[in-house]
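Notes for the structure review
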Amino acid sequence: MEEENAVELLQRFRRDRRILLDFVLAGSLIKKVIMPPGAVTLDDVDLDQVSVDYVLNCAKKGGMLELSEAIRDYHDHTGLPQMNNSGSAGEFFLVTNPESYGSPPKRAPPPLPDYTPPAILAPPPVITPSIPDLDTSPVASSISQSESFNSTQVRELTVDDIEDFEDDDLDEADSLMISRRTRNDATDLALGLPSFKTGVTEDDLRETAYEILLACAGAAGGLIVPSKEKKKDKRSKLMRKLGRSRSENVVSQSQRAPGMVGLLEAMRVQMEISEAMDIRTRQGLLNALAGKVGKRMDALLVPLELLCCISRSEFSDKKAYIRWQKRQLNILEEGLLNHTAVGFGESGRKASELRVLLAKIEESESLPPSTGELQRTECLRSLREITAPLAQRPARGDLTGEVCHWADGYHLNVRLYEKLLVSVFDMLDEGKLTQEVEEILELLKSTWRVLGITETIHYTCYAWVLFRQHVITSEQGILQHAIEQLKKIPLKEQRGPQERLHLKSLHSRVEGKQGFQDLSFLQSFLSPIQKWADKQLGDYHLHFAEVSGMMENIVTVAMITRRLLLEEPEAAAMQSTSATDRVQIESYISSSIKNVFTRILQSLENSDTKHEHHLALLAEETKKLLKKDTTLFMPILSQRHPQATAVSSSLLHRLYGNKLKPFLGGAEHLTEDVVSVFPAADNLEQYMMELILSSCGEETAEIYSKKIVPYQIESISGTLVMRWVNSQLARILGWVERAIQQERWDPISPQQRHGSSIVEVFRIVEETVDQFFELKVPMRSSELSCLFRGVDNAFQVYANHVIDKLATKEDLIPPVPILTRYSKEVGIKAFVKKELFDPRLPDERRSTEINIRTTPTLCVHLNTLYYAINELNKLEDSICERWTRKKPRRSFTNKSIDVKSKSLTQKDTFDGSRQDINAAIDRICEFTGTKIIFWDLREPFINNLYKPSVSLSRFEAVIEPLDTELGQLCDIIVEPLRDRIVTSLLQATLDGLLRVLLDGGPSRVFSLGDAKLLEEDLEILKEFFISGGDGLPRGVVENQVSRVRLVVKLHSYETRELIEDLRSSSGLEMQGGRSKLGADSKTLLRILCHRGDSEASQFVKKQYKIPKSSA
């Protein structure tokens, strides 16, 4: 901000300084002002180099002012600081900021040396870099010309240099002070035309073009020599320029004169022609036309006439005159010798004579004045005799004398016309057309006759000029105008026959990279445009990254130029221009994608990529590139190539695949690099496929997908994941074994009544599952299936370990006593039947194992298994949900992947574990009930119930210990398993009761009267388990009790009825039926054996040989 304020103050100072000098010099304060050498008016003097102090001193003294001395005084004091002599002592002003240098030195300053005034200094060409962008304003330009802050290299300004400052040079310097925008390089747009042999410069062409314009305007009667009095305006031209704002035109409509006069004045300013040169040229042309009755001014040989009519005396400087004359001679040589519209025929004698005369005219300036003037006059006369017939020969159907063919020879004519066309741009804003553009273009048509311009040539030249200006200024409006002109260029069939022949004759031979080549007119002008557009579009990611809107116009330019150039025979034969628009668009995409991909690779190589693999970063950057490509560029390119997005995606797929392939080949394990690269690469490939599908449709996308070689990341990654899963599953099995071995089967807490081993197993399983889904690498359904199978197997192993050492039911139930019949005798030897006797009893080790499995321990077993199956359901839901989120990508080739994924989410993957766990729960429940009745309550229940008789040992004696066991069971078992384990206890109780009733041994005898007591005991048992509605459901208990109720009911029948039913049941059982009483023969036999009467005893003795029981 401080630098900007300093610049603003400096500009204000310069502006006020000029206003002061302009006022002092224009008023009556100075008696007489003596101009410096080479200056005619104050307009020719750079007031920035005039010392204000010197001028004010002259005004105080009332003497004459010599501006040369004022300029010398200014340069003498340039190296000194500014002084203020108003006080008693001289004061000077620091240029720098003293605060930035700290406190002042305490030592005394050195003595002041004797000062020797330096030589006159030329204005330094460069201003200090600390002043930002001073070249963008007129004031800053003047600053750079007059004063430099840091310049140390200066050049002595001699008197000859001051004399060379004529009005032409000063006006050109003034025009350069006008603010211009930053110019871009347009060297690539150089025309395909050979250089001039005489070394004609761009300024020479510009000045000659203006002279031709004046001659053509004179032919229409619009040439008037302006009065010199117009310069005596109180406000100088310099002040008018500096006071004009950027928004104003060079010559506003309100200020310039009306009609042709005003338009020519505007053209003069636009073409940067000085007023002095303008006046000389106008006067010379008018003098040349004097005495030539009926002669049109545009039929004059302008350079020759100006050479004859303008003398040395009209120039303030000899060097300026020599430069002017050299230009005219060079233009004559180029127009009549090097680039003629009409050739010399077989003889080259006139061409040789013409070159000799031109050399002599140039040589005359080095001769003594009298001799040189004489030689010049004679040569000019001879030159007229030779050139006039040459220039006035007919061409293209012209009649002799009507046209002077001296400037319409290709390629001089188009270069001159180009300089005229450049005048359509505003000098203050080169990115805009001047307001008079339509009038200027209409005026330029008057030059077509002299320059041999046709409609096609005009539109082509104008399009090139506009396009070049767009490249320089980056202005979109200019580009739109260029496109309009390109569209106006007629195609070959739209041109007239004469114009087609004329354009066919326009050729130039240019040296290029591949040697010399012949170019037609359209190739010379349009090929640079096409090459520039192709170069920009060949890297559109770089050139249109921030201005994608311009890209559409550049594509239009490229397509129009291609269409026009394809009509050229030479271009049509070239392979690069014979391709269709779609092929050309593909070449743009291919070139730009390769360039931007290379830049991305280079940037990644130069950046710090230690934290992430460079291939992962490359995939991310490539995806960003695709998104930007799809958003900014593809909508433009798709207008001419509907599958542009597919082309771009396919190419990037191949480029990234080339970098990825070596990495895929070396991937053997799930390393950090693999986990980083695989997801990024797979994500990129998936995004590419989606782009292709969305931009082309399924059929076309299928074609592109067949051309694309997939990365096969899913397959490679699946193999690596499978290895990892297998290693983790082996680890899980090890943890299961270890957890079971360390389990003590104590409840974790009153709330968590399961063992700790299952918690540890689930922890390791869940950790494995979490790690599985944290692997962001692509996976197939087979990897998930493997994980499911492994986890399922682990829980099956766990369930089997829980019941591995559980005793069988046979180990708990004591052997069935020998079946005997009722008898009062003692000492009867038992008759043993093999199938009814089992002497096996549990050994000591087995008894210890059974005793270890206490009721609380068995309840913890059951709670643990229930916890396992419950958590297993949650785990399955979690895995299915996470897999759904991590659903495999859509594949163009494998459409069965979705079906496989659905089969994995049907929640039947852990059925093996569920079956094994439920079977283990059932077995433990059965074991628990059997153990309580046949092991823990064996004495009160199995051994002593109904001994010695029913009335003396009722079931009520068993209720209390049974209630104790049931209470202990319900205190520990989890609620969902309560009915299940109590039902098992009920079943075991009923089994025990049946054992007592049917296989109670010799000491148990039942009579007919016991039936009612047994029925009452059965009701007690039933109500005990129903527990007033707090126990098992009544229906469940009734169903279980029904089988015992039948046996109890048999005890209520007479012996005779039982015997008859047993006899009849033997035959019915052979046919698969039952007896009338609903019992089988074995049950009836056991009822009779335990019946305490002689009739029953005699029947079983006689029929079944059953021995008597001991009393």
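These numbers come from a predicted model, not from an experiment. (Residues numbered from 1 in each chain as written. Predicted model: local features only at pLDDT ≥ 70, side-chain atom pairs only at ≥ 80, totals over all residues. Heavy atoms only, no water.)

Further remarks concern the overall build of the protein. Counting secondary structure elements, the protein contains 46 helices and six strands. When contacts within the protein are restricted to residue pairs at least 6 apart in sequence, those whose partners lie at least 24 apart make up 77%. Total accessible area on the protein is roughly 54600 Å²; 52% of this is exposed by carbon and sulfur atoms. (Helix = DSSP H or I, 4+ residues; strand = E, 2+ residues; numbered from the N terminus. Contact = heavy atoms within 4.5 Å. Areas by Shrake-Rupley, 256 points an atom, 1.4 Å probe, with all protein chains shown as cover.)

This paragraph deals with the packing of aromatic side chains. Counted by the stated rule, this structure contains 18 aromatic pairs. Between F467 and W532, the ring centres sit 5.2 Å apart and the planes meet at 85°, which makes this aromatic pair edge-to-face. Taken together, the positions of F467 in helix 18 (residues 455–473) and W532 in helix 21 (residues 521–537) put the pair 65 residues apart, joining distant regions of the chain. Across the pair, W532 and F467 agree in class, each one buried. Joined through ring pairs, the aromatic side chains of Y410, W464, F521 and F525 make up one cluster. Between the NZ or CZ atom of K623 and the centre of the ring of Y687, over which it lies, the distance is 5.3 Å. Looking at R738, its charged tip hangs above the ring of W735, at a distance of 4.9 Å from the centre. (Phe/Tyr/Trp six-rings, centres within 6.5 Å; stacked < 30°, edge-to-face > 60°. Buried < 20%, exposed > 50% of the residue type's maximum accessible area, 1.4 Å probe, protein only. Lys NZ or Arg CZ within 6 Å of the ring centre and 35° of its normal.)

Applying the stated criterion to the full structure yields 45 salt bridges. Between D188 and K535 there is a salt bridge, with its nearest N and O atoms 3.0 Å apart. Of this pair, D188 sits in the loop between helix 6 (167–177) and helix 7 (202–219) while K535 sits in helix 21, placing them 347 residues apart in sequence. By relative accessible area, which is 44% here, D188 ends up partly exposed. Judged by its relative accessible area of 49%, K535 falls in the partly exposed class. Connected through shared salt-bridge partners, E1015, E1019, K1022, E1038 and R1045 make up one network. (Salt bridge = Lys/Arg side-chain N within 4 Å of Asp/Glu carboxyl O.)

Relative to each other, helix 26 (residues 581–606) and helix 28 (residues 644–665) sit at 35°, their axes nearing to 10 Å. Judged by the twist between their axes, the crossing of helix 26 over helix 28 is right-handed. Of the residues in helix 28, those in contact with E586, I589, S590, I593, K594, F597 and L601 of helix 26 are A644, V647, S648, L651, L652, R654, L655, Y656 and K659. Across the contact of helix 26 with helix 28, the residue classes break down as ten nonpolar, two polar and four charged. (Axes fitted to C-alpha atoms, helices over the stretch in contact; angles between N-to-C directions. Left-handed = near helix turned anticlockwise from the far one by under 90°. Nonpolar A, V, L, I, M, F, W, Y, C, P; charged D, E, K, R; others polar.)

This part is about the packing of helix 41 (residues 975–998) against helix 43 (residues 1034–1050). Their axes nearest at 10 Å, the elements helix 41 and helix 43 cross at an angle of 5°. Between helix 41 and helix 43, the interaxial angle falls into the category roughly parallel. Between helix 41 and helix 43, the contacting residues are T983, L986, Q987, L990, D991, L993, L994, L997 and L998 on the first element and V1036, V1037, Q1040, V1041, R1043, V1044, V1047 and V1048 on the second. Looking at the contact of helix 41 with helix 43 residue by residue, the class counts come to twelve nonpolar, three polar and two charged. (Parallel < 35°, antiparallel > 145°, perpendicular 65-115°, else oblique.)

For helix 7, built from 18 residues, the straight-helix expectation of 26 Å at 1.5 Å per residue is met to within 8% by its first-to-last C-alpha distance of 26 Å. In terms of residue burial, helix 7 counts as a mostly covered element, since 15 of its 18 residues are buried. Just past helix 7, the residue G221 takes up positive phi, approximately 80°. (Expected span 1.5 Å × (residues − 1).)

Let us now look at the state of the cysteines. Chemically, a disulfide is nothing more than a covalent bond linking the sulfur atoms of two cysteines. If you walk through the whole model with that rule in mind, you get zero disulfides. For the unlinked cysteine C308, the closest cysteine sulfur is that of C309, found at 6.1 Å. (Disulfide = S-S within 2.5 Å.)

Right, let's get into unusual backbone geometry. In this model, Y410 is joined to H411 through a cis peptide bond whose omega is 20°. Its place among the elements puts H411 in the loop between helix 14 (369–391) and helix 15 (412–421). Despite not being glycine, Q712 shows a phi value in the positive range, around 60°. Tracing the chain through its elements places Q712 in the loop between helix 30 (698–707) and helix 31 (713–742). With phi around 55°, S1027 is a residue other than glycine that occupies positive phi space. Counting through the fold element by element, S1027 comes out in the loop between helix 42 (1010–1026) and helix 43. A relative accessible area of 38% places S1027 in the partly exposed class.

Membership of the largest hydrophobic core comes to 277 residues, with the highest contact counts inside it found for W406 and Y656. In this view, W406 contacts T208, I212, L300, L301, V302, P303, I331, G335, L336, A391, L412 and V450; residues no more than four positions away in its chain are not counted. Judged by nonpolar contacts, the second largest core, of 14 residues, contains L21, L47, V52 and A70. (Core = buried A, V, L, I, M, F, W, Y, C linked by side-chain atoms within 4.5 Å.)

Before going further, it helps to examine the confidence of the model for the protein. Chain-level statistics for the protein give a pLDDT mean of 79 and a share of 78% at 70 or above. Counted against residues more than four places away or in other chains, residues 115–180, with its pLDDT under 50, gives 127 contacts. (pLDDT = per-residue confidence, 0-100.)

Within the element layout of this structure, E69 appears in helix 3 (residues 67–76). By relative accessible area, which is 33% here, E69 ends up partly exposed.

Moving on to the environment of L47. Position of L47 among the secondary structure elements: in the loop between strand 1 (33–34) and helix 2 (52–61). On the basis of relative accessibility, which here comes to 5%, the residue L47 falls in the buried class. Each C-alpha atom, one on L47 and one on L21, is 7.3 Å from the other, the two residues being 26 residues apart in sequence.

Of the residues making up helix 16 (residues 437–444), those classed as buried are V437, I440, L441, L443 and L444. One face of helix 16 carries all of its buried residues, which in axial projection span an arc of 160°. Away from its buried face, by an angle of more than 90 degrees, helix 16 presents the exposed residues E438 and E442. (Arc of directions from axis to C-beta.)

What follows covers the pairing of strand 6 (residues 515–520). Within a regular strand, side chains alternate between the sheet's two faces. Looking at chain direction, strand 5 (residues 507–512) and strand 6 are connected through six bridges and run antiparallel. Residue H507 lies in a different strand from strand 6, and its bridge partner there is S520. Here strand 5 folds back onto strand 6, and the loop between the two strands holds two residues. (Pairing = 2+ DSSP bridges.)

Another aspect to go through is the side chain of K623. Turning to its location among the elements, K623 is positioned in helix 27 (residues 614–637). Although K623 lies buried, it forms no salt bridge, and the closest oppositely charged side chain, E690, sits 7.2 Å away as judged by the N-O distance. (Lys, Arg positive; Asp, Glu negative; His and termini not counted.)

Let us look at the environment of P389. Following the sequence through the fold, P389 ends up in helix 14. Between the C-alpha atom of P389 and that of H405, which follows or precedes it by 16 residues, the distance is 10.0 Å.

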